[in-house]
Amino acid sequence: CNIHYLHWKTNMKLIDLKKDNLTPPSIVFVHGTSAHAHWFHHIGPLFCKSGYDVIALSLSGHGDSGTKEILGRDVWEHEIVAVCKDATLFDENRFSKPILVGHSLGSFVVEETAHVYPNLFHGVVVLDGGVPHPLKWRSEAGIVLDSSRSFSSAKERAYSNATIIPRDRLRLAPPQQVLPFIHEHIANNSIKPSATKKDCWTWKFDPDAYSKYEFVDYCLNVGTPELVQNLNCRVAIVHGENSLIVLKEAQDFMRYFLGTNIPVIAIPDAGHHCFLDQPLAVVAALRMCFAEWNRSQTINGKGTDFFPRNNKKSVLSNFDGDLSK
């Protein structure tokens, strides 16, 4: 099916790139459950100011993309790679390989993508999700599944153009306060004319999506600490300090299990949708991660060395593992 994506291109003329006839590095944003590419419309262009080309896509079954009979694993990771190819992010003259940033469900998707395609990406950022506490999630798996299915139903929900305003019906899960102008923009880009009722609108996401993929399977089998630690690329964890998804137990578990090899960054006063209530703080944290990856040398959990982009030995920082081993 067709896959929709947004593409922002930097107009920065970086001296190092121009000298070596290279094109800018790139970032790919992947949304969460029932969301779409426009959820990143307010932060995508900000990374262009840092010298990046930026992509945000809608996975199949979401947004302006088409849908399929089967969604989830073995589907979405191939769509991400296809979009990267279409946007020329894998071209040989790129300054570096793309960076994947996945929010919530999208964090599991980018982990799976980097696992299936181990040599195509420079780094992965898990944005409030992706490394659930195994005991916590296994004991409450049924609750997680039931609450996730409340997003949609097997029937199209249609609303009158005259009486129902999209922003009044777009409810985040879990509930939280976000910046009103962002909420309204997302809501206005989340609807389409109803196919069954005249003069009505409905949501863009596939109402059968939850019957087409296994949500808990992503949580328990894809988003594991072992997978994150062993990815063949740079990794960072960014989460809302007040997140109702990445709970305190999960935050402590990630810090303990992942150790010093992978940065775990908490966004103060932010919930699960941290880039909707604290967008500038999230942008600053991501910019810092990407700049550090450019400069530092580090190792991952299985002992693989990652060198800075210029391949020169660097001074160690707080994000670097113990290289003396």
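Everything numeric in this text was worked out from a predicted model, so none of it was measured.

**What about the pairing of strand β2 (residues 26-30)?**
Right, so step 1: Among the 5 residues that make up β2, 5 are buried, leaving the element largely enclosed by the rest of the structure.
Right, so step 2: Across the two faces of β2 the burial is the same, with S26, V28 and V30 and I27 and F29 all buried.
Right, so step 3: Of the pairings in the sheet, the one linking β2 to strand β3 (residues 53-57) comprises 5 bridges and is parallel in character. Opposite V28, over in β3, you have I55 as the bridge partner.
Right, so step 4: Two elements, β2 and strand β4 (residues 99-103), share 4 bridges in a ladder whose sense is parallel. Bridged to F29 within β4 is V101.

**Comments concerning the pairing of strand β1 (residues 5-8)**
Right, so step 1: Taking every second residue as pointing to the same face, the buried face of β1 carries L6 and W8, while none of Y5 and H7 on the other face is buried.
Right, so step 2: Here 4 bridges tie β1 to β3, and the two strands are oriented antiparallel to one another. Residue pairing for β3: L6 is matched across the bridge by A56.

**Comments concerning the environment of T196**
Right, so step 1: With respect to the element layout, T196 can be found in the loop between β7 (191-193) and β8 (200-203).
Right, so step 2: For the pair T196 and A158, spaced 38 residues apart in sequence, the C-alpha to C-alpha distance is 8.1 Å.

**Some remarks on the packing of aromatic side chains**
Right, so step 1: A complete count under the given rule lists 11 aromatic pairs for this structure.
Right, so step 2: Ring geometry for F29 versus F40: centroids 4.9 Å apart, planes at 25°, classification stacked. Here F29, found in strand β2, pairs with F40, found in the loop between β2 and α2 (44-48); they are 11 residues apart in sequence, far enough to count as distant.
Right, so step 3: With a relative accessible area of 1%, F40 lands in the buried category.
Right, so step 4: In textbook terms, an aromatic cluster arises when at least three aromatic residues are bridged by ring pairs, as seen for F29, F40, F47, Y52, F275, F290 and W293.

**With respect to the confidence of the model for the chain**
Interpretation of this model should avoid reading the predicted coordinates in detail wherever pLDDT is low.
Right, so step 1: When pLDDT is averaged along the chain, the result is 83, and 81% of the positions lie at 70 or above.
Right, so step 2: Ranking the elements of the chain by mean pLDDT puts helix α6 (residues 141-148) last with 44 and β1 first with 98.
Right, so step 3: In the model, residues 140-154 has pLDDT below 50 throughout and makes 21 contacts with residues more than four positions away in sequence or in other chains.

**Re the environment of D74**
Right, so step 1: Relative to the assigned elements, D74 resides in the loop between β3 and α3 (76-86).
Right, so step 2: Linking D74 and V116, residues 42 residues apart in sequence, is a C-alpha distance of 9.1 Å.

**Comments concerning the sheet that holds β7**
Right, so step 1: Reading across the sheet, the 3 strands line up as β6-β8-β7 and stay open at both edges, with antiparallel pairing between neighbours. Edge positions in the sheet fall to β6 (158-160) and β7, since each has one partner strand and no second. Pairs of neighbouring strands in the sheet enclose a mean axial angle of 40°, with direction left out of account.
Right, so step 2: Pairing analysis gives 3 bridges linking β6 to β8, with the strands arranged antiparallel.

Rules used in this analysis
- Residues numbered from 1 in each chain as written.
- Predicted model: local features only at pLDDT ≥ 70, side-chain atom pairs only at ≥ 80, totals over all residues.
- Heavy atoms only, no water.
- Buried < 20%, exposed > 50% of the residue type's maximum accessible area, 1.4 Å probe, protein only.
- Helix = DSSP H or I, 4+ residues; strand = E, 2+ residues; numbered from the N terminus.
- Pairing = 2+ DSSP bridges.
- Phe/Tyr/Trp six-rings, centres within 6.5 Å; stacked < 30°, edge-to-face > 60°.
- pLDDT = per-residue confidence, 0-100.
- Contact = heavy atoms within 4.5 Å.
- Axes fitted to C-alpha atoms, helices over the stretch in contact; angles between N-to-C directions.

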